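Chain by chain, the residues:
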Amino acid sequence: MCGITGAWGGPPEPVARMTRALAHRGPDDEGLWSDPERPVHLGHRRLAVIDPETGFQPMWTADRRLGIVFNGEIYNHAELRRRLEERGHRFQSDHSDTEVLLHGYREWGETLLEQLNGMWAFALYDRDREELWLSRDRFGQKPLYWSFRSGVFAFASEASALLMHPSVGQEPSTKGLQKYFAYGYAPAPHTIYRDVHKLPAGCMLRYAEGKTPSIRRYWEFLLEPEEPVGDDFDESTLEPLRERLLAAVERRLVADVPIGVFLSGGIDSTSIAFAAQTLSKFGSLRSFSIGFQDPSFDESGHAEAAAAFVGTQHATSLFTAEHAAEIWPDLAARLDEPFVDPSLLPTSVLCAWARREVTVALSGDGADELFAGYDPFRALGWARRYARWVPRPIHAAIRMLATRLPTSHRNLALGFKVDRTLRGLSYPPALWNAVWMGPLEAKQVAERLAAPIEPEDLYAEAIAAWESAPGLSDVDRTLQFFTRLYLQDDILPKVDRASMQHGLEVRSPFLDIALVDLVRRIPARYKLHGKHTKWVLKQAVKPWLPRPITTRAKKGFGVPIGRWFAEGQEPFDVPLRHPLARLHADLHRRGRRDHRLHLYAEWLLERLREPAPALPAPEAPAQD
């Protein structure tokens, strides 16, 4: 796992500064290179996980015609290497997955991407074609930002590094900020900066001097449910799911460094821990969890019980508001752009805790999005009936009555869920998920940014996800939303920033492409089975796990941020500037309304205005 930078145009020094800014992503080595014939500059920071002896970057083919900077892991690299060697390719490294990308591109061109099983963001420089080729993995597990301004094309793993290039302006993006307040994140390709863009997941970009960057999608998550043979799911159907999950975990146990597991005690992480411990050749694995003082948020007891059953060596760290105050200054400097997910804070502490013992950790990310694990899935049936039978003119009156419910800052409190649900139902079904999850609804976003807004434009990405599943159920349409948007632009960036801040690589077996290709063909009624979320996954892992784990209700990785804002605990006592933010802060403190997400969104923007810590001076890049 690493950090990559580069530019076509301008001098090499800005790329050297950008690369140095990513030292936290790659503490083991730094590589800089400039083309003596063209203004092309590449930078790399390395976290050595695979082939630490010969996997240095930028990496080149023996003839120096193809070079690459790469961030990620290719889990089927050994198989691809054997195929390439059979076709006559000769490798210089011992077992580097980076070199497989170089030879794979030479052999297969763009179709290389279809054959990769892994997570990645890379930039490949083809000196013969005088072209840069950038790519990002199918789900966007690894970040990649780019900018094209004043004839200079630049890219980096993090927006904060890219903004160091003098060609990249730091002016805010009005549309990006609108979407930030609407979703809680700026969905790709948007960012909160006008000149900075995210390469969307499943996309590639080509750039040649004097031309406009061109982007093409090579893969997109699409549900194609197939009915099982027979009346219902049976063991012959569940066994392939178990087999692919085991294979996904086994692929992610390949490393030249110590590996551990994040463990909450829920079905996702415990399934991963069980499979990893079963497959491990190195004895008892290490597992890690976070605990909270508030019992409505705390899952540490469940994690410890799961660890005892699986047989991992377990460690728990307690997270408090004082922890948040301690870690925030450094975390803010690494955040790039804000996203309204307070669990970033304990995730950072969890990653720091794990990094003391391991360099790689497995997580259960992706299971909720693929198997319908979130609360909104259970609300869909009730929401559809409400929308059908309750006349729209009285929606506002019902919402007003609901505000009289007592405010509680417990995890997933009833008042919070009712308020969120009714807010979403004021909009058409295609907008339900976005409005349920976002800090502000459309009219509030317009007030906050003093600009008229059309909901169809504000929520264009949510509408596109909903309409990408024509003829399918509301559950499938919601799966599309969570997988295409929430997973890509909230969950995975959270894990990437929190882990790479501490030089830890996190791997997600549930996002293995072979497993995903099976899961996306499972009908929705086997994911949400009555009121039971993730039903088919629970059925599949019953032979692995005890009943208390497979039947335990999902709690979610929440944070008592609402209470901390209400009590004005440091560092959540920052004065807010906008009148709407001050109004919501007052209502929240007085227990009249629960505005935790909006207050956290404003708090993030305020804290990101603080100056970043100084970086050491860069070294001069190497040249051919």
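All figures in this text were calculated on a predicted structure; none of them were measured in a lab.

### Observations concerning the nonpolar core
Phe319 and Tyr459 are the most contacted members of the largest nonpolar core, which has 176 residues in total. Looking at which element gives the most residues to this core, the answer is helix α19 (residues 474-500), with 12 residues. Apart from residues no more than four positions distant in its own chain, Tyr459 is found in contact with Ala182, Tyr183, Leu431, Ala434, Val435, Leu440, Glu441 and Ala442. Counting residues in hydrophobic clusters, the runner-up holds 20 residues, among them Ile4, Val40, Leu144 and Cys203.

### Thoughts on the sheet that holds strand β12 (residues 214-217)
Overall, antiparallel pairing links the six strands, which are arranged β4-β5-β6-β7-β11-β12 in an open sheet. Only two strands of the sheet have a single partner each, and these edge strands are β4 (59-60) and β12. Direction of pairing for strand β11 (residues 203-207) relative to β12: antiparallel, over a ladder of four bridges. Residue pairing for β12: Cys203 is matched across the bridge by Arg217. Where helix α3 (residues 97-108) meets the sheet, it contacts β4, β5 (66-74), β6 (118-126), β7 (131-136) and β11, and its direction lies at approximately 125° from that of β5.

### Here's the deal with the confidence of the model for the protein
Taken as a whole, the protein shows an average pLDDT of 91; of its residues, 94% reach a score of 70 or greater. A low-confidence stretch, residues 612-619 stays under pLDDT 50, and its non-local contacts, those more than four residues away or across chains, total 14 contacts.

### Description of helix α7 (residues 267-279)
Between the first and last C-alpha of α7 there are 18 Å, a value that for 13 residues agrees with the 18 Å anticipated at 1.5 Å per step. Counting buried residues along α7, 10 of its 13 residues qualify, which places the element largely inside the surrounding structure. When we look at burial in α7, the residues that qualify are Ile267, Asp268, Ser269, Thr270, Ser271, Ile272, Ala273, Ala275, Ala276 and Gln277.

About the criteria used
- Residues numbered from 1 in each chain as written.
- Predicted model: local features only at pLDDT ≥ 70, side-chain atom pairs only at ≥ 80, totals over all residues.
- Heavy atoms only, no water.
- Core = buried A, V, L, I, M, F, W, Y, C linked by side-chain atoms within 4.5 Å.
- Buried < 20%, exposed > 50% of the residue type's maximum accessible area, 1.4 Å probe, protein only.
- Helix = DSSP H or I, 4+ residues; strand = E, 2+ residues; numbered from the N terminus.
- Contact = heavy atoms within 4.5 Å.
- Pairing = 2+ DSSP bridges.
- Axes fitted to C-alpha atoms, helices over the stretch in contact; angles between N-to-C directions.
- pLDDT = per-residue confidence, 0-100.
- Expected span 1.5 Å × (residues − 1).

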